[in-house]
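Each chain, letter by letter, is given below.
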Amino acid sequence: MRVLFCTSLYVLVLLLQPTAGFAAETCGPPQTPLDAYASSWGIDARNTRFQPRTVINRNNVEQLKLRWSYALSTDTPRSYPLVTDDTLYVGDGGRGVVALDRDSGCERWLYRHEGEISTALIPTEIDGAPALIFNDRTLGVYALNATSGDLIWHAEVNEDPLAWYSGSPLVVGSRVFVPISSYEVALAMNPLYGCCTTSGGFAAFDLRTGNKLWYLPTISEPPQETGSHWGFVQHYGPNSATVWGAPSYHAASDTLFFGTGQNYSHPTTDTSDAIFAVNAADGSVRWIRQFTANDAYTAACNIVALNHPNCPDPMGPDVDFGAATMLLGNGQGRELLIAGQKSAQVYAIHPLTGDVEWEVRLGRGGIIGGVHWGMAANEASGVLFVPISDKAIMGFPSPGEAAPGLYALDIATGQQVWHYVSPDRCDQAECVFGLSAAPLATPDMVFIGSMDGYLRGLSAVDGEVLWEFDAWQTYPAVNQPQATGGAFDAHGPLIAGDLMVVNAGYSYVGQQRGGNALLVFGLETDHE
């Protein structure tokens, strides 16, 4: 019954997605090796979000101009692109994975796939051939041949029939690591749904075959009946502690680090709103540290007028660790595990023990931020870049004053170096000026996209705005119809050599402006 309900909901979401008549020019397959400008969602396995392979800098960033745009088939794009020397790969939710010529946007191949491609495209090699790994949000993990677009394998976890594959996978050697969340958080909005019986988890798959190597649930005990409402709708617990973000990886100890979300109902567990350190070889837990206890929340709580029976009582603040963890050098010969929480708190943790080295609170937080998607860092300069949303939606502001913007913190101490706040475009819900998308750092700059549609390049030294682009416009698209820009959210920009690539549009949360524009910027040269 649960699976049928979920499938119907998913099909309805797909039917409501905007569609367009796609007529891109076609061209030959990729010709260069898969020497991509990123190896993971976090650019590297430590999730630094630092891109050293670029010629874009503070002295030439004013020459960064829009080269071409591509019209995606969704107004809430969730795929983080991948760029090589001749090809741009991107997941187009509802249509498939498309490989485009880097310079012109012509279509090299299309892997047709109707599901929602929700993650970064991860480059690797399988049996000597270049390959891509990605997640469909509900259907699992996929491996494609990067030259032809042919399917190599598809895998999923069978421990949880309601798994949500929202976090990007990570490839390390012959293993594919996949975070697992649960879409019972949304199904709970139905008052006839018995909430909730699933937990989050983490899985490892064999890169060559897709065979599952191990699976770790974040809650070890099975759910039990805990009560009911209306006399016939059963309640269950414990549940959730889902894993939303990409893991970071410590090579010397073969350890994975990831954060978890809140519980969906009571009783709560000590594994929710927590950081896990896990042995990558077998999934055994090295340590767990919880940062917020008794946090229980579902999307049912958003329906205030109904006094929804699937909203936990007492209701928690919903301040999970949705953002990816990071492993950073502290400039003193040691590494720190950095974790940002939706409470707007940032923690530096000893990666071997779980002990907190420093912590700082940068805003009031809330159900879609504080730290929502991720952070970036410049280890050479010793600076961590933290975007803060502090957006209040659906009548659920957190206590305290909103303090949105981009914060530059000293990696070793957590002390603030500078703080940038963008001007507010308007007072509508879709114009909120906080930062939810993950930033990207380069040797002397940091690039951010705001929820009110501005893309900016800031000086890494003091936060001065060096470049700005207003995405709220329409664009002639290489695949015909026009593309439309919207809010910047989710994975944020990617920089590769002389290019910057970003999805403009995200309507999913909080009445933000949707858009379907994949924007490709490049440095102008003298002959252009």
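Numbers given to residues run from 1 along each chain, matching the order in which its sequence is written. Local features in this predicted model are restricted to residues of pLDDT 70 or higher, and side-chain atom pairs are both shown and tallied only at a pLDDT of 80 or more, whereas totals for entire chains, interfaces and linings draw on every residue. Neither water nor hydrogens contribute to the side-chain values; these are computed over all heavy atoms in the structure.

### Observations concerning a nonpolar patch on the surface
In step 1: Patch membership requires more than 30% relative accessible area and the absence of a salt bridge. Residues of like charge join within 9 Å; the nonpolar side chains Val, Leu, Ile, Met, Phe, Trp and Tyr join within 5 Å. Here, Shrake-Rupley sampling with a 1.4 Å probe gives the accessible areas, and only protein chains in the shown set may cover a residue. Salt bridge criterion: a side-chain nitrogen from Lys or Arg within 4 Å of a carboxyl oxygen from Asp or Glu. Among the surface-exposed residues, L192, W230 and F232 lie close enough to one another that they form a single nonpolar patch of about 400 Å² accessible area.
In step 2: Secondary structure elements are defined from DSSP: runs of H or I of at least 4 residues count as helices, runs of E of at least 2 residues count as strands, and each element is numbered from the N terminus. Topologically, F232 is positioned in the loop between β15 (224-229) and β16 (233-237).

### What about the packing of aromatic side chains?
Any aromatic ring pair is given by two values, namely how distant the centres are and how the planes are angled relative to each other.
In step 1: Side-chain rings of Phe, Tyr and Trp, where Trp is taken by its six-membered ring, are said to pair if the distance between their centres is within 6.5 Å; with planes under 30 degrees apart they count as stacked, over 60 as edge-to-face, and otherwise as tilted. Counted according to the given criterion, the structure contains 18 aromatic pairs.
In step 2: Consider the rings of Y89 and W109, whose centres lie 5.9 Å apart with planes at 50°: the pair is tilted. Taken together, the residues Y89 in strand β3 (residues 87-92) and W109 in strand β5 (residues 107-112) connect sequence positions 20 residues apart. Across the pair, exposure class does not vary: Y89 and W109 are buried alike.
In step 3: Judged by centre distance (6.4 Å) and plane angle (20°), the rings of F469 and Y475 are stacked.
In step 4: Given the relative accessible area of 17%, F469 is considered buried.
In step 5: The class of Y475 is buried, set by a relative accessible area of 2%.
In step 6: Counting every residue linked through ring pairs, the aromatic cluster contains F177, F202, W214, F258 and F276.
In step 7: A ring is considered to have a charge above it if a Lys NZ or an Arg CZ atom is located within 6 Å of its centre and within 35 degrees of its normal. Between the NZ or CZ atom of R49 and the centre of the ring of W41, over which it lies, the distance is 4.4 Å.
In step 8: Positioned above the aromatic ring of W164 is the side chain of R137, whose terminal nitrogen or guanidinium carbon lies 3.9 Å from the ring centre. Burial here depends on accessible area, computed with a 1.4 Å probe over protein chains only, as a share of the maximum for the residue type. Under 20% is buried, over 50% is exposed, and the range in between is partly exposed.

### Description of the state of the cysteines
In step 1: Note on disulfides: each one is a pair of cysteine sulfur atoms within 2.5 Å. Taken as a whole, this structure holds three disulfides when the rule is applied.
In step 2: Across the disulfide from C27 sits C106; the S-S distance is 2.1 Å. With the S-S dihedral at roughly 95°, the linkage between C27 and C106 falls on the right-handed side. Of this pair, C27 sits in the loop between α1 (2-15) and β1 (64-71) while C106 sits in the loop between β4 (96-101) and β5; the two residues are 79 residues apart in sequence, bridging distant segments of the chain.
In step 3: Residue classification places C106 among the buried residues on the basis of a relative accessible area of 12%.
In step 4: With a sulfur-sulfur separation of 2.1 Å, C301 is cross-linked through a disulfide to C311.

### Observations regarding the sheet that holds strand β24 (residues 356-361)
In step 1: One open sheet holds the four strands; their spatial order is β21-β22-β23-β24, and the pairing between them is antiparallel. The strands lining the two open edges of the sheet, one partner per strand, are β21 (326-329) and β24. On average, each strand axis in the sheet is inclined to that of its neighbour by 25°, with strand direction left out of account. In this scheme, strands are said to pair when DSSP sees at least two bridges between them. Under this scheme, a helix contributes an axis fitted over its contacting stretch, all axes are lines through C-alpha atoms, and angles between N-to-C directions fall in the 0 to 180 degree range.

### As for unusual backbone geometry
In step 1: Cis geometry marks the peptide bond from C195 to C196, where omega comes out at -10°.
In step 2: With respect to the secondary-structure elements, C196 resides in the loop between α2 (184-187) and β13 (201-206).
In step 3: The step from D313 to P314 runs through a cis peptide bond, and the omega angle for that step is 5°.
In step 4: With phi around 65°, N47 is a residue other than glycine that occupies positive phi space.
In step 5: Along the chain, N47 falls in the loop between α1 and β1.
In step 6: Among the residues examined, N47 registers a relative accessible area of 2% and is labelled buried.
In step 7: In this model, A490 sits at a positive phi of 65°, which is unusual for a non-glycine residue.

### Here's the deal with empty space enclosed by the protein
In step 1: Only protein atoms enter the 1 Å grid, on which a cavity is a set of points fitting a 1.4 Å probe that cannot get out and a pocket is an open set with protein on both sides within 12 Å along at least 5 of 7 lines, lining residues being those with an atom within 4 Å of a point. Grid points are joined across faces, edges and corners, and a volume is the space filled by probe spheres set on the points. Scanning all chains against the criterion turns up two cavities of 30 Å³ or more.
In step 2: Computed from the structure, the largest cavity encloses a volume of approximately 60 Å³.
In step 3: Residue lining of the largest cavity: P77, R78, S79, Y80, P81, D489, A490, H491, G492, V502, N503 and G505, and that is the complete set.
In step 4: Polar here means any residue other than Ala, Val, Leu, Ile, Met, Phe, Trp, Tyr, Cys and Pro, which are nonpolar, and Asp, Glu, Lys and Arg, which are charged; Gly is therefore polar. Taken together, the residues of the lining of the largest cavity sort by class into five nonpolar, five polar and two charged.
In step 5: Residue lining of the second largest cavity: A38, S39, S40, Y80, P81, L82, A120, L121, I122 and P123, and that is the complete set.
In step 6: Class assignment of the residues belonging to the lining of the second largest cavity gives a composition of eight nonpolar, two polar and no charged.

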